[in-house]
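Read off the chains here:
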Amino acid sequence: MNKRRAVYPGSFDPITNGHLDIVRRALSLVDEVVIAIAYNQEKPSGLFDVAERIELIRAVTAPFAKKVKIDSFHGLLVDYARKVGAVTIIRGLRAVADFEYEFQMASMNRHLAGDVETVFLMADEQYFYTSSKLVKEVMSFGGDASAFVPPVVAKRLRKKFKS
Ligand code: ADP
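Residues numbered from 1 in each chain as written. Predicted model: local features only at pLDDT ≥ 70, side-chain atom pairs only at ≥ 80, totals over all residues. Heavy atoms only, no water.

Trainee: Quick rundown of the site of the ligand? Include the residues and the values.
Mentor: Around the ligand lies a shell of 18 residues, among which Tyr8, Ser11, Phe12, Gly92 and Tyr127 are the nearest. One of the side-chain N or O atoms of arginine 94 is found 3.0 Å from an oxygen atom in the ligand. Between glutamate 102 and the ligand, the recorded distance is 3.4 Å, taken from a side-chain N or O atom to an oxygen atom. Listing elements by their share of the shell around the ligand, those giving two or more residues are strand E1 (5-10), helix H1 (17-27), strand E4 (88-93) and helix H4 (96-112). Counted by class, the shell around the ligand contains 6 nonpolar, 8 polar and 4 charged residues. (Near = heavy atom within 4 Å. Polar contact = N/O pair within 3.5 Å; in protein donor to acceptor, adjacent residues only side chain to side chain. Helix = DSSP H or I, 4+ residues; strand = E, 2+ residues; numbered from the N terminus. Nonpolar A, V, L, I, M, F, W, Y, C, P; charged D, E, K, R; others polar.)

Trainee: I'd like a rundown of the sheet that holds strand E3 (residues 68-73), residues and numbers included.
Mentor: Sheet architecture is open: 5 strands sit in the order E3-E2-E1-E4-E5, paired in parallel fashion. Two strands in the sheet have a free side with no partner beyond their single neighbour: E3 and strand E5 (117-122). Averaged over all neighbouring strand pairs, the angle between strand axes comes to 30 degrees, with direction disregarded. For E1 and E4, the ladder comprises 2 bridges, and the chain directions are parallel. Residue pairing for E4: alanine 6 is matched across the bridge by threonine 88. (Pairing = 2+ DSSP bridges. Axes fitted to C-alpha atoms, helices over the stretch in contact; angles between N-to-C directions.)

Trainee: Give a description of a nonpolar patch on the surface that names residues and reports values.
Mentor: A surface patch of nonpolar side chains, about 270 Å² in accessible area, is lined by Leu76, Met108 and Leu112. Within the secondary structure, leucine 112 sits in helix H4. When its relative accessible area of 37% is taken as the criterion, leucine 112 is described as partly exposed. (Patch = residues over 30% accessible without salt bridge, like charges linked within 9 Å, V, L, I, M, F, W, Y side chains within 5 Å. Areas by Shrake-Rupley, 256 points an atom, 1.4 Å probe, with all protein chains shown as cover. Salt bridge = Lys/Arg side-chain N within 4 Å of Asp/Glu carboxyl O. Buried < 20%, exposed > 50% of the residue type's maximum accessible area, 1.4 Å probe, protein only.)

Trainee: I'd like a rundown of the environment of phenylalanine 64, residues and numbers included.
Mentor: Tracing the sequence through the fold places phenylalanine 64 in the loop between helix H2 (50-60) and E3. Under the relative-accessibility criterion, phenylalanine 64 is labelled buried at 18%. Here the alpha-carbon distance between phenylalanine 64 and valine 23, two residues 41 residues apart in the chain, equals 9.7 Å. The residues touching phenylalanine 64, leaving out its near neighbours within four places in the chain, are Leu20, Val23, Arg24 and Leu27. (Contact = heavy atoms within 4.5 Å.)

Trainee: Provide a residue-level description of the pattern of salt bridges, including the pertinent values.
Mentor: Note on pairing: side chains with opposite charge can pair once their charged atoms come close. Evaluation of the coordinates by the stated rule reveals 13 salt bridges. The salt bridge partner of glutamate 52 is lysine 160, with a shortest N-O separation of 3.0 Å. A residue pair is termed long-range when its members are at least 10 positions apart, and glutamate 52 in helix H2 and lysine 160 in helix H6 (residues 151-162) qualify at 108 residues. In this structure glutamate 52 comes out as buried when scored by relative accessible area, which is 18%. The exposure class of lysine 160 is partly exposed, given its relative accessible area of 25%. The partner of aspartate 115 in a salt bridge is arginine 82, with the nearest N and O atoms 2.9 Å apart. With aspartate 115 in the loop between H4 and E5 and arginine 82 in helix H3 (residues 77-83), this pair connects stretches of sequence that are 33 residues apart.

Take a look at the structure:
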């Protein structure tokens, strides 16, 4: 039987509880989720490098390892989605602020590849304001944002900001 596969793209710098919640929800719709870290070879950016992001994602998705693949890509998302045989692109929607950008991107992707449908999953209300960016900001100033990331990620963030 052909597996129904979804791609969940993002920067995951680092993965948060909000991301994990979306992965869980996506797994109720498809057989396999490919968590794909988007990166730019020419302009590497972010707090964690791609290898570290992968390592953290692997650790926190271990309970559903059989149904989750972790990868990275650069270039067009729709090309990548086709390459891995995904039938859908999963995105999470938080506050209204996400909407405009997500809508633009989904429309463009539909224009580029009408056969790959984008599916939006609404963030759980407890993670509505959780973003990697905010978690990093708070923890860089010594604040405690550990409620929003898995323990292994919180530990790694503390280590990162100590050094
Ligand atoms: P961030 O915006 O936190 O840096 P990414 O760029 O890695 O995250 O986001 C990848 C996808 O995950 C996007 O569709 C984004 O809207 C979604 N996402 C991020 N944080 C959450 C959250 N707390 N709840 C639901 N979806 C989220």
